[in-house]
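Here is how the chains run, residue by residue.
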Number of protein chains: 2
Amino acid sequence: MVEQTTSSSEKQDKKNASKPEKVPLAGITVKKADNISEWYTQVLQKAELIDYSLVSGCYVLRPRLYAMWEKVQQLFDVEIKRKGVQNAYFPMLIPESLLNKEAHHVNGFSPEVAWVTQGGNSPLPERLAIRPTSETIMYESFAKWIRSHRDLPLKLNQWCNVVRWEFKHPTPLLRSREFLWQEGHTAHATHEEAAQMALDMLNVYAQLLEDVYALPILRGKKSQGETFAGAIYSLSCETFFPSGKGIQICTSHHLGTNFSKAFDIGYLNDKGNHMPVHQTSWGISTRSLGILVLFHGDDKGLVLPPKIAPTQIVIVPIYFAEVDKKRVMSAAVKIRKSLETDFSVILDDREEYTPGWKYNDWEMKGACMRIEIGPKDIANEQVMICRRDVGKKEAVPIAKVKEHVGSQLRQMQKDMLTHATERLVAATVEVTTNEELLKALAEKKLIKTAWCALPECEAALKEKTDGAKSMNIPFEQPEKLLSSCTLCGKTATVVAYVAKAY
Amino acid sequence: MVEQTTSSSEKQDKKNASKPEKVPLAGITVKKADNISEWYTQVLQKAELIDYSLVSGCYVLRPRLYAMWEKVQQLFDVEIKRKGVQNAYFPMLIPESLLNKEAHHVNGFSPEVAWVTQGGNSPLPERLAIRPTSETIMYESFAKWIRSHRDLPLKLNQWCNVVRWEFKHPTPLLRSREFLWQEGHTAHATHEEAAQMALDMLNVYAQLLEDVYALPILRGKKSQGETFAGAIYSLSCETFFPSGKGIQICTSHHLGTNFSKAFDIGYLNDKGNHMPVHQTSWGISTRSLGILVLFHGDDKGLVLPPKIAPTQIVIVPIYFAEVDKKRVMSAAVKIRKSLETDFSVILDDREEYTPGWKYNDWEMKGACMRIEIGPKDIANEQVMICRRDVGKKEAVPIAKVKEHVGSQLRQMQKDMLTHATERLVAATVEVTTNEELLKALAEKKLIKTAWCALPECEAALKEKTDGAKSMNIPFEQPEKLLSSCTLCGKTATVVAYVAKAY
């Protein structure tokens with residue numbers, strides 16, 4: 001176990017110190033580029049985002065992480081309610097026979113279901129699945145509620161936990177056995193309406209991820225082999241880490257009539273004919289926050305875009321003599337008060353740590369901006385302000401702090417997306433031959449290339465390259481494809497993004 | 001199964017009607033006083049609050065119910081954040097060995113735990129409990145996070161689902177196997193601080209229940225026999241149904257050092273001694289919404305206080321000739337637009353139903369206020385407004401609608417609490433003899449009486465009266481008790497509320 005910052009304060013206690021001493025910060029001990037998985041583990045724990053539980057693959061989401069999830073919930077909830085989606089809650093436990101109702105779906109999920117078999121001291125008559133996703137339990141109700149075309153469209157969403165008992169090596173947020181998400185489920189009268197809904201929701205996700213997470217997003221359609229179990233097609237938002245791997249963030253599925261036929265969800269159209277509904281489902285989970293941490297962080301720890309950061313501003317008062325303390329603290333409190341109505345701000349008045357220790361601590365925890373204030377600053381009627389992503393200090397007149405902070409936080413949000421997008425663009429190469437493709441993969445590039453889109457071609461690629469695959473097929477396609485499939489030489493049908501997958 | 005209103009619209013479809021016909025509303029078919037449990041079941045389904053699932057005791061919370069839960073979440077979240085409580089999320093699955101760590105606690109909960117025993121196709125090495133409550137999993141982390149008195153107080157809360165596999169007859173919301181709740185958990189340096197926290201939280205609940213749910217609340221301490229498994233004492237909010245039964249709504253527990261000793265949660269005080277922390281836990285669940293429905297509803301269906309109602313206002317346009325339609329609809333839309341920024345309002349423009357049908361439908365669904373507008377009203381520059389709780393129509397000038405609606409909704413919120421409180425006061429009797437007590441129970445009264453507070457006395461009462469028990473012991477106690485225990489004749493130590501329990 002890594003030493004916690006709380007252990008440091010325990011050492012302090014023993015000394016019964018009234019003055020701060022040089023307590024070393026238990027900072028990040030590896031460079032991100034050297035060992036990204038160790039870096040990720042340390043950041044999650046030391047920035048107090050995640051803790052481990054006694055069950056492998058199940059993690060505690062600590063307040064600083066959960067606060068980010070609450071922001072995502074608030075922002076996303078406004079968007080879906082604007083689209084006429086209503087929130088609801090369906091039972092978590094799904095009888096095995098119900099889960100088995102749609103054949104592709106059950107094959108996709110049953111290998112990773114956690115089963116409840118006992119209630120109190122009694123065995124249950126039928127195993128109950130903890131929902132890995134809620135299509136089956138929701139659509140059982142949809143079949144009861146939808147009778148007429150007037151009941152359409154039906155648009156529901158739920159915020160909940162799901163369990164997928166994966167047996168791969170678990171990683172907090174990115175691959176955990178329990179996670180939090182929202183899952184939206186809609187039913188429509190026509191294929192086209194459902195297609196529009198699935199696309200609209202993908203665009204809502206993409207905008208959230210770009211505007212709030214500051215992540216550059218590749219929007220597109222998944223290959224046949226990567227389509228959700230039970231969907232006719234899946235759309236996805238993906239991104240590409242500067243370290244050289246692609247990752248799927250969230251998906252939006254067109255389910256066609258696969259489930260409505262299996263669950264008998266139909267309506268009478270205005271001609272009196274019984275018609276199956278056309279459905280969509282779409283979700284984003286706490287996995288997206290793992291991607292956020294992994295993408296933006298640096299060797300000092302977390303870097304968070306202001307729109308999602310739990311702490312936007314930290315104020316660090318500086319004084320070494322008792323005589324300065326009162327003046328400095330009173331000025332610091334005044335600044336906090338002027339900012340706290342508009343920003344999330346913490347005045348770090350802990351006496352047991354030096355200012356330098358606090359700088360490092362809050363850089364590790366990803367506070368977007370630091371305001372330093374000491375006796376000299378007060379004499380000059382200014383403070384020093386340092387942006388987490390840029391790292392340069394700037395003197396700002398006290399009278400202008402609020403204005404400066406507001407404009408710099410907005411700028412930081414923009415800059416983070418701009419720089420992230422530049423890195424993604426710089427990492428992208430278009431290739432037309434198999435040799436170029438293998439070379440680009442070896443150089444950890446994001447590849448754009450002509451592809452046949454056949455499942456057997458993708459399977460061969462995965463095997464040959466130790467895990468490269470198509471990420472998605474972008475919506476913008478060239479009018480005419482100039483080359484054959486870069487991978488297998490057959491007729492190319494699309495241009496796709498290909499990369500090593502996280 | 002009860003016929004759904006959606007089935008009615010299906011019949012309409014078959015007739016391909018362009019004019020509304022006299023479709024009978026599938027209203028509530030029993031009187032509340034005649035068969036309250038059937039009334040409750042019908043209201044939950046017909047007002048589209050609840051649907052049944054294939055798993056007994058697990059229910060679908062439909063959008064109109066979930067919207068009420070969202071309001072509770074928003075209002076309560078503001079209050080706890082003001083008290084320095086942070087939201088977090090802990091894993092749902094608890095290893096059996098961890099659940100067993102506090103002896104009283106495990107005895108209280110293990111008979112109703114749902115156990116996960118298989119992950120995918122493999123048996124698990126240890127059974128995992130689906131949380132019935134999260135003391136054990138949270139306090140495992142508390143022990144790691146708390147080192148110094150500077151880490152105290154620690155105040156966390158989570159919004160989540162819990163499962164208690166009860167074997168009694170399940171009832172939606174009131175006794176369901178899965179339910180939603182919040183559970184707050186705090187750790188403090190002293191017994192007194194924890195006592196204050198537990199009391200503060202009880203008062204937050206009581207205020208929420210009075211101000212928003214419009215329920216009259218009995219605040220007090222539970223008897224020893226009714227104390228939470230693992231607590232040193234439990235405080236509760238209770239209410240008393242006009243039908244003659246008492247019910248517990250929510251609780252706040254002082255856990256003392258029971259868990260901190262079992263889980264080794266300690267801190268170094270400023271003298272360098274290792275001390276166990278003093279803890280509290282407190283929760284309110286979707287059960288409170290079942291109580292809300294059961295308490296306020298009448299023979300027509302739901303009656304909801306404006307602060308929690310998903311639909312505060314419904315506008316019903318009235319026209320029989322096509323020539324009137326345009327004028328009426330245009331006026332109705334104007335009114336909707338003037339109200340929708342401040343109130344939740346629906347303009348019921350369904351063409352397949354008559355105005356009278358809509359009145360009944362929205363009375364059943366508990367819209368707080370109905371605005372009727374027809375050609376005659378327009379000629380008189382007025383609308384007719386009807387409050388759900390009072391049921392009298394009033395003509396209001398169109399120019400004054402917004403003002404009227406605002407003041408009447410505020411008045412309705414107040415009136416509902418006033419009337420509910422009056423009914424509770426009227427149902428309360430103070431008794432001093434055993435005979436009076438039994439007579440009052442037979443008359444379905446809420447009883448206030450001197451009591452010894454001994455567990456064996458309470459057990460005897462339950463047996464003798466087929467389920468009467470102490471509800472709680474109010475905080476306001478007389479300075480001197482004038483009589484001995486009404487039940488057993490031993491020395492009385494408290495005045496308590498006694499009633500048949502729901």
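Sequence order sets the numbering: in each chain, residues are counted from 1 along the sequence as written. Whichever chain is written first becomes A and whichever ligand is written first becomes 1, with later ones labelled in order. Note on the predicted model: pLDDT of at least 70 is required for a residue's local features to be given, and 80 or more for side-chain atom pairs to be given and counted; whole-chain, interface and lining totals, by contrast, use all residues. In computing side-chain properties, one takes all heavy atoms of the structure into account and sets aside hydrogens as well as water.

Q: How do you make sense of the relation of the copies chain B and chain A when you look at a structure like this?
A: Mapping between the two copies of the chain is achieved by a rotation about an axis and a shift along the axis. Screw-axis analysis of chain B against chain A gives a translation of 0.0 Å along the axis, an RMSD of 0.0 Å, and a rotation angle of 180 degrees. Here the symmetry operator amounts to a two-fold rotation axis. Relative to the rotation axis, the closest C-alpha in chain B is found at B:V116, a distance of 2.1 Å. Contacts are assigned to residue pairs with any non-hydrogen atoms lying within 4.5 Å of each other. Counting the interface residues of chain B, we find that 100% of their copies in chain A are interface residues as well, pointing to one common contact surface. The superposition of copies rests on a least-squares fit of C-alpha positions from residues with pLDDT of 70 or more in both.

Q: Can you walk me through the environment of A:K448 in this structure?
A: Residues and elements named next belong to chain A. Secondary structure is summarised from DSSP: a helix means a run of H or I of at least four residues, a strand means a run of E of at least two, and numbering begins at the N terminus for each. Relative to the helices and strands, K448 is located in strand 21 (residues 446–451). Burial status follows relative accessibility: with a 1.4 Å probe on protein chains alone, a residue under 20% of its type maximum counts as buried, one over 50% as exposed, and anything between as partly exposed. You can call K448 partly exposed: its relative accessible area is 22%. In the structure, K448 is positioned 169 residues away from Q279 in sequence and 31 Å away in space, judged by C-alpha atoms. Residues in contact with K448, not counting those within four places in the same chain, are V429, E430, V431, P474, V495, A496 and Y497.

Q: Sorry, what's going on with the packing of aromatic side chains here?
A: Residues and elements named next belong to chain B. Only Phe, Tyr and Trp rings take part, Trp by its six-membered ring, and two of them pair if their centres are within 6.5 Å. Stacked means planes under 30 degrees apart, edge-to-face means over 60, and tilted covers everything else. Overall, the coordinates contain 32 aromatic pairs over all chains when judged by the stated rule. Between F76 and W159, the aromatic rings sit 6.1 Å apart at their centres with planes inclined by 90 degrees, giving edge-to-face as the arrangement. Taken as a pair, F76 in helix 3 (residues 63–82) and W159 in strand 7 (residues 154–163) lie far apart in primary sequence, 83 residues in all. Per residue, the accessibility class of F76 equals that of W159, and both read buried. With 5.2 Å between their ring centres and 50 degrees between their planes, Y139 and F142 make a pair best called tilted. Of this pair, Y139 and F142 both sit in helix 6 (residues 135–145), 3 residues apart, which is roughly one turn of that helix. Of the two residues, Y139 and F142, both sit in the buried class. It is R177 that lies over the ring of F167; its NZ or CZ is 5.6 Å from the centre. In our convention, an over-ring charge means Lys NZ or Arg CZ found within 6 Å of a ring centre and within 35 degrees of that ring's normal.

Q: Before we go on, may I ask you to explain the domain arrangement of chain A in this structure?
A: One frequent convention defines the size of an interface as the accessible area lost when the parts assemble. As far as domains go, chain A holds domain 1 (59–296), domain 2 (313–409) and domain 3 (430–500). What marks off one domain from the next here is an automatic or database domain assignment. One C-alpha centre belongs to domain 2 of chain A, the other to domain 3 of chain A; they are set 50 Å apart.

Q: What is the right way to look at the interface of chain B and chain A in this model?
A: Counting from both sides, the interface comprises 70 residues of chain B and, opposite them, 70 residues of chain A. Here chain B meets chain A over a buried area of about 5800 Å², counting both sides, of which 58% is carbon and sulfur. We define a salt bridge as a side-chain nitrogen of Lys or Arg found within 4 Å of a carboxyl oxygen belonging to Asp or Glu. There are 6 salt bridges connecting chain B and chain A. Taking the shortest distance from any N to any O, the salt bridge between A:R150 and B:E352 comes out at 3.5 Å. What counts as buried area is the accessible surface, traced by a 1.4 Å probe, that two parts surrender upon association, with contributions from both included.

Q: I tried to follow the packing of helix 3 (residues 63–82) of chain A against helix 7 (residues 191–211) of chain A on my own but got confused; where do I start?
A: In helix packing, the relevant descriptors are the interaxial angle and the interaxial distance, both defined with respect to the helix axes. Residues and elements named next belong to chain A. Contact geometry of helix 3 with helix 7 gives a least axis separation of 11 Å together with a crossing angle of 145 degrees. In the packing of helix 3 onto helix 7, the handedness of the crossing is right-handed. Across from V72, L75, F76, E79 and I80 in helix 3, the residues of helix 7 making contact are M201, V204, Y205 and L208. All residues other than Ala, Val, Leu, Ile, Met, Phe, Trp, Tyr, Cys, Pro, Asp, Glu, Lys and Arg, Gly among them, are scored as polar; the first ten of these are nonpolar and the last four charged. Split by residue class, the contact of helix 3 with helix 7 holds 8 nonpolar, no polar and 1 charged. Only the contacting stretch of a helix is used when fitting its axis, a line to C-alpha atoms as for every element, and angles between N-to-C directions run 0 to 180 degrees. Left-handed describes a crossing whose near helix is turned anticlockwise from the far helix by less than a right angle; the clockwise case is right-handed.

Q: Sorry if this is basic, but what is going on with the sheet that holds strand 8 (residues 178–188) of chain B here?
A: Hydrogen bonds between backbone groups are what pair the strands of a sheet, and the pairing can be parallel or antiparallel. Residue and element names in this part refer to chain B. What makes two strands pair is DSSP finding at least two bridges between them. Across the sheet, 8 strands lie side by side as 3-7-8-14-11-10-9-23; this open sheet has mixed pairing. The two strands at the open ends of the sheet, each matched to only one other strand, are strand 3 (86–87) and strand 23 (473–474). Direction of pairing for strand 3 relative to strand 7: parallel, over a ladder of 2 bridges. Each residue of the ladder has a partner; that of Q86, found in strand 7, is L156. Along the sheet, helix 3 contacts strand 3, strand 7, strand 8 and strand 14 (278–285); its crossing angle with strand 7, the most-contacted strand, is approximately 165 degrees.

Q: Would you mind showing me how to read the pairing of strand 24 (residues 494–500) of chain B here?
A: Within a regular strand, side chains alternate between the sheet's two faces. Residues and elements named next belong to chain B. Burial runs high along strand 24: 6 of the 7 residues are buried. Here strand 21 (residues 446–451) runs beside strand 24; their pairing, made up of 5 bridges, is antiparallel. Across the sheet, A450 pairs through a bridge with V495, a residue of strand 24.

Q: Could you clarify how one ought to interpret the pattern of salt bridges in this entry?
A: Side-chain pairing between opposite charges can occur once the charged atoms of the two side chains come close. Counting across every chain of the model gives 54 salt bridges over all chains. One salt bridge connects A:D361 with A:R350, and the closest N-O pair in it is separated by 2.9 Å. Of this pair, A:D361 sits in helix 11 (residues 355–364) while A:R350 sits in the loop between strand 16 (345–347) and helix 11; the two residues are 11 residues apart in sequence, bridging distant segments of the chain. What makes A:D361 buried here is its relative accessible area of 0%. The exposure class assigned to A:R350 is partly exposed, which follows from its relative accessible area of 26%. Between B:E363 and B:R370 there is a salt bridge whose closest N-O contact spans 3.1 Å. By relative accessible area, which is 15% here, B:E363 ends up buried.

Q: What's the story with unusual backbone geometry in this structure? I'm lost.
A: Across residues other than glycine, the phi torsion is negative in most instances, and most of the peptide bonds are trans. Residue and element names in this part refer to chain A. The omega angle of the peptide bond from L152 to P153 is -10 degrees, so this bond is cis rather than trans. Following the sequence through the fold, P153 ends up in the loop between helix 6 (135–145) and strand 7 (154–163). In this structure, L173 is a non-glycine residue whose phi angle is positive, near 70 degrees. Relative accessible area serves as the criterion here: at 4%, L173 is assigned to the buried category. One non-glycine residue, A214, lies in the positive phi region at around 55 degrees. Residue placement: A214 occurs in the loop between helix 7 and strand 9 (218–221).

Q: Quick question: what am I supposed to make of the nonpolar core here?
A: Most often, soluble globular proteins have nonpolar side chains that are buried together. By size, the foremost hydrophobic cluster in this structure holds 198 residues, and its most contacted members are A:I130, A:Y213, B:I130 and B:Y213. If we skip the residues at most four places from it in the chain, B:Y213 touches B:V72, B:L208, B:I284, B:S288, B:L289, B:L292, B:H296, B:P305 and B:I308. Only buried residues count toward a nonpolar core, which is a set of Ala, Val, Leu, Ile, Met, Phe, Trp, Tyr and Cys residues joined through side-chain atoms within 4.5 Å.

Q: I keep staring at the sheet that holds strand 6 (residues 122–130) of chain B and nothing clicks. Help me out?
A: Ordered in space as 4(A)-6(A)-5(A)-5(B)-6(B)-4(B), the 6 strands form an open sheet in which the pairing is antiparallel. Either end of the sheet is taken by a strand with one partner, and the two such strands are strand 4 (93–95) of chain A together with strand 4 (93–95) of chain B. If you compare each strand with its neighbour and ignore which way they point, the axes differ by 45 degrees on average.

Q: Is there a simple way to explain helix 2 (residues 36–46) of chain A in this structure?
A: Buried within helix 2 of chain A are the following residues: A:W39, A:Y40, A:Q42, A:V43, A:L44, A:Q45 and A:K46. Remark: A:E48 follows helix 2 of chain A within two positions and exhibits a positive phi of approximately 60 degrees.

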